[in-house]
Structures are given as C-alpha cells and as structure tokens.
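# Chain and residue survey
These are the residues of each chain, in order.
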Amino acid sequence: MRIPRSGLALAAFLALPAVTGDVASAAQIQRLAQAPRISKPKPAPPGAGPMLPLPPAQIDNKLAIGGDDIDARKVETRMSVEVHVNGRGPYHFVVDSGADTSVVGLRVARDLQLPLGSPVVLNGMTEQAIVDRVKVSELTLGPSTIRDLQIPALREQDLGGDGMIGIDALVHQRLMMDFDTKVIKVEDARRPEKHFADEIVITARRQRGQLILTHVTAAGLPLDAVIDTGSEVTIGNMALREKLLGKRVDKDATKVSMIGVTGKSVDIELATISELQLGPVTLHDVPIAFADVPPFKVFGLNDQPSLLLGTDILETFRKVSLDFRARKVRFQLRRCGTQTVTIGMSYEPTRLSSFNNPDVCGV
C-alpha cells in the first residue's frame, strides 16, 4: 500500500532567539555563507498556541482566473510548479495551501549557498519540530516575486520535491489548478477580478491566509474543512471520528503510515464516510483518514469536527480555483450529473454528484 505524504500546516510564529556568543571571524562567516550548516529537525516543546481567526472566506462557483499559465508536474496526487530561487532554477516546488511559509530543499539551499537565518517551531502533519531556516532574497512563481524571506530547509525526499510554495507566496494570488492538463494558472489578486450577477457563495473563513470552508457537511454533520494542497490524504480529527463512527476502537480498521516533511511517520486510521458535501458538490462513500495531527490545534480546530481536505479528494475535480486575497474557492467537476471515481488508497468507488449545477461542471 502506498504511503501518503503530508505537507505542512506550518506555523512559523514561534521564532527562537539566535544563539549568541563571540563574534565570528571573517573566515567563519565566509564558510557559513558558502555551506550553511543546517541542523536536523529536533522535537519541539509543547506550547504552540492556536492561530487567531481572520476574516471570512467564500466558496464561489463563478470564480474566474486569468493570468499566466505555469507548467506543473503531478507527483502522486499533488501538483508542483516551476519556481526560481534567487534567479536560479527552475526548481519544482509542491504547491501547499496549508502552509503559511514556503520551504526549500536542503540540496537547493546548499547549492545556492543560502545563509542561515533563525530557527522556528514547525507544525508539520506528523510532529512539532524545531527547524533551521535559510535566507532567500527572491522567490519567483510565475509573474510574482517575493523578496527577503526566511524559510525552512528540509530534505527533498520528505518534501516530495525541490521545495514547497506556501501562503507567503500565494497570499496575493489567484490560483487555478487544472488536474487534467497539469497546468497551474497564477494571477495577481490585487488586479480587479471579474464579477458575475449569479454568483453562488457559501460563507467560510480564513486563518493566516489558509482557506477554511465552514459550510461543509460529513454525513449531515457541519464541520470546518481546510484546503490543504500539500497533503496527499484527507484527514479528519478525532472529534469528527467520534461523531461519525463513535468512540469504539475498530481493531480491524485499515491503518497506514504517513510521512511528514520532517521525515517522521505516524500511523493513521482509514475509514469510509457515507457522504461529504462541499457547497453544491456531494461525494458519496468517501475514504478519509483520522488522526489528531498538529495542524488541528494550530488552526484552533482540535475540539470541533474538522477536516484537512487533501489532494486525494481535490484531484477528483477537473479544476480547483483559489483566491487567497478575496478568500474565494471554486470546484469544477469533469462533467455534470453523477460520476464514479477512485480516491487515494481506497479500492472502493466514490460517487460525485452536482445536482446538474452547470457552474461546477467542466467547461
């Protein structure tokens, strides 16, 4: 069985103070700049608090995105795009809408001789860890360049690419991910967007730039769902599992090992829920995983039924469009009516239906 990889629900708000000591010599500074000594991730002490709530977001079935097309690669179910770091590249970075900072691979950091920055506490999918950051002068994605960044440096084999593009590079973008053509369209969200008189919107909210849908139901139960394009598997917290499946422990439940960006693995339980509704789209017999992973606490969602919506479900749509500035989301199916798909590691079919709403059908 394939081992799913997870992205970051990264909270870089707990920056640790830099280590002080004697003033380094010129030779030491030069060696540090030429070959940054990046430490392995270390377990973090408890204490990372939840993020503060931010303004509401919306599901918008009429969200239209223009802008530049960027060729994308599909790695398992996730999408990666070409990114330039300090003018060098291109490198293939996984798009991670659940991370509030981008990440660079260790090899890239060393090849480009990126100087060390200050360490931070990283809230990955499988653990909280203290990680080193490096300084990046420019990070370029399509038409946009973000300057003067400090971002974590982690192993490429754990990231699933040369790095990850997070909210720091996406917060002013409109992003359309076309899973059929493997193209990602990027547009500066500060430009005026197209408006439609017959918009269908569902209220949601945003946390530190991440898009959290609030009008989502699982088997009729209202819940919050974080759009997480960096995770290959959709994960529900244990509060959701208790509501849907009860408190009993299923000894025969299927379990798989999930690998996080720091290389640590955790076991997650897989189960099938009868129905998941995302705005005007309904999925029947949906496989999801259950675990109280750190992002739920970071987002303040650990005590209420919540879901991290991964690319195993997102890729069943033809297109997923995200406007991080206006806080709008649109899902487009491949065709109207009912269709059957296979999600993630499940061998059982899942049915999608759109109530023949043309706004969510493939065009």
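Residues numbered from 1 in each chain as written. Predicted model: local features only at pLDDT ≥ 70, side-chain atom pairs only at ≥ 80, totals over all residues. Heavy atoms only, no water.

## Quick look at the overall build of the protein
- When its secondary structure is counted, the protein shows seven helices and 26 strands.
- Excluding contacts between residues fewer than 6 apart, the proportion of contacts in the protein whose partners are at least 24 apart in sequence is 71%.
- For the protein, the computed accessible surface area is about 15300 Å², with 50% contributed by carbon and sulfur atoms. (Helix = DSSP H or I, 4+ residues; strand = E, 2+ residues; numbered from the N terminus. Contact = heavy atoms within 4.5 Å. Areas by Shrake-Rupley, 256 points an atom, 1.4 Å probe, with all protein chains shown as cover.)

## So, the pairing of strand β22 (residues 306-309)
- Residues Ser-306 and Leu-308 of β22 are buried on one face, and the alternating residues Leu-307 and Leu-309, pointing to the opposite face, are buried as well.
- Where strand β17 (residues 221-227) meets β22, four bridges bridge the pair, whose relative direction is parallel. Note that in β22 the partner of Ile-227 across the bridge is Leu-309.
- Two strands pair when backbone bridges link them, and strand β18 (residues 235-236) and β22 are joined in this way by two bridges, in the antiparallel orientation. Paired with Ile-235 across the two strands is Leu-308, which belongs to β22. (Buried < 20%, exposed > 50% of the residue type's maximum accessible area, 1.4 Å probe, protein only. Pairing = 2+ DSSP bridges.)

## Description of unusual backbone geometry
- Geometrically, the link from Gly-89 to Pro-90 is a cis peptide bond, its omega value of 10 degrees lying close to zero.
- Here Pro-90 lies in strand β5 (residues 88-95).
- Phi at Asp-285 is positive, roughly 60 degrees, even though this residue is not glycine.
- Relative to the assigned elements, Asp-285 resides in strand β21 (residues 281-290).

## Considering helix α5 (residues 238-245)
- Within α5, the full set of buried residues consists of Ala-239, Leu-240 and Arg-241.
- Looking one or two residues beyond α5, the residue adopting positive phi is Gly-246, at roughly 85 degrees.

## Here we look at the environment of Asn-123
- Here Asn-123 is to be found in strand β7 (residues 120-123).
- Judged by its relative accessible area of 0%, Asn-123 is buried.
- Along the backbone, Asn-123 and Val-293 are 170 residues apart, and their C-alpha atoms lie at a distance of 9.2 Å.

## Some words on the pattern of salt bridges
- Within the structure shown, the criterion is met by five salt bridges.
- Of the charged contacts in the structure, one is a salt bridge between Asp-162 and Arg-107, with a shortest N-O distance of 3.0 Å. Of this pair, Asp-162 sits in the loop between α3 (156-159) and β11 (163-165) while Arg-107 is found in helix α2 (residues 106-111), placing the two residues 55 residues apart along the sequence.
- Accessibility expressed as a relative area gives 15% for Asp-162, which makes it buried.
- Its relative accessible area of 39% is what places Arg-107 among the partly exposed residues.
- With a shortest N-O distance of 3.4 Å, Glu-138 and Arg-147 are connected by a salt bridge.
- Glu-138 sits in the partly exposed class, given a relative accessible area of 28%.
- Residue Arg-147 is classed as exposed on the basis of its relative accessible area, which comes to 52%. (Salt bridge = Lys/Arg side-chain N within 4 Å of Asp/Glu carboxyl O.)

## Section: the nonpolar core
- Core analysis: the largest hydrophobic core is formed by 62 residues, its most contacted members being Val-104, Leu-276, Leu-309, Ile-313, Phe-317 and Phe-331.
- Broken down by element, the residue count for this core peaks at five residues, all from β21.
- Setting aside residues up to four positions removed in sequence, Phe-317 forms contacts with Phe-179, Leu-278, Val-281, Phe-331, Gln-332, Leu-333, Arg-334 and Leu-352.
- Grouped together as the second largest cluster of nonpolar side chains are 15 residues, Ile-235, Ala-289, Val-293 and Leu-301 included. (Core = buried A, V, L, I, M, F, W, Y, C linked by side-chain atoms within 4.5 Å.)

## As for the pairing of strand β16 (residues 210-218)
- Of all nine residues that make up β16, seven are buried, and the element is covered over most of its length.
- Bridge count between β16 and β17: five bridges; the pairing is antiparallel. Its bridge partner lying in β17, Val-216 is registered against Leu-223.
- Where β16 folds back on β17, the antiparallel hairpin that results is connected by two residues, among which Ala-219 adopts a positive phi of roughly 50 degrees.
- Across three bridges, the pairing between β16 and strand β20 (residues 265-278) is antiparallel. Bridge assignment links Ala-218 to a residue of β20, and that residue is Leu-276.

## What about the confidence of the model for the protein?
- Summarising the model, the protein shows a mean pLDDT of 75, and 70% of its residues fall at 70 or more.
- A low-confidence stretch, residues 9-24 stays under pLDDT 50, and its non-local contacts, those more than four residues away or across chains, total 35 contacts.
- Confidence drops under a pLDDT of 50 for residues 48-75, and excluding neighbours within four residues, the segment shows 127 contacts in the predicted structure. (pLDDT = per-residue confidence, 0-100.)

## Remarks on the environment of Arg-241
- Inspection of the secondary structure assignment puts Arg-241 in helix α5.
- Arg-241 sits in the buried class, given a relative accessible area of 6%.
- Note: C-alpha distance between Arg-241 and Pro-305 (64 residues apart in sequence) is 7.9 Å.

## With respect to the environment of Lys-255
- In this structure, Lys-255 sits in strand β19 (residues 254-259).
- In this structure, Lys-255 is in contact with Ile-268 and Glu-269, ignoring residues within four places of it in sequence.

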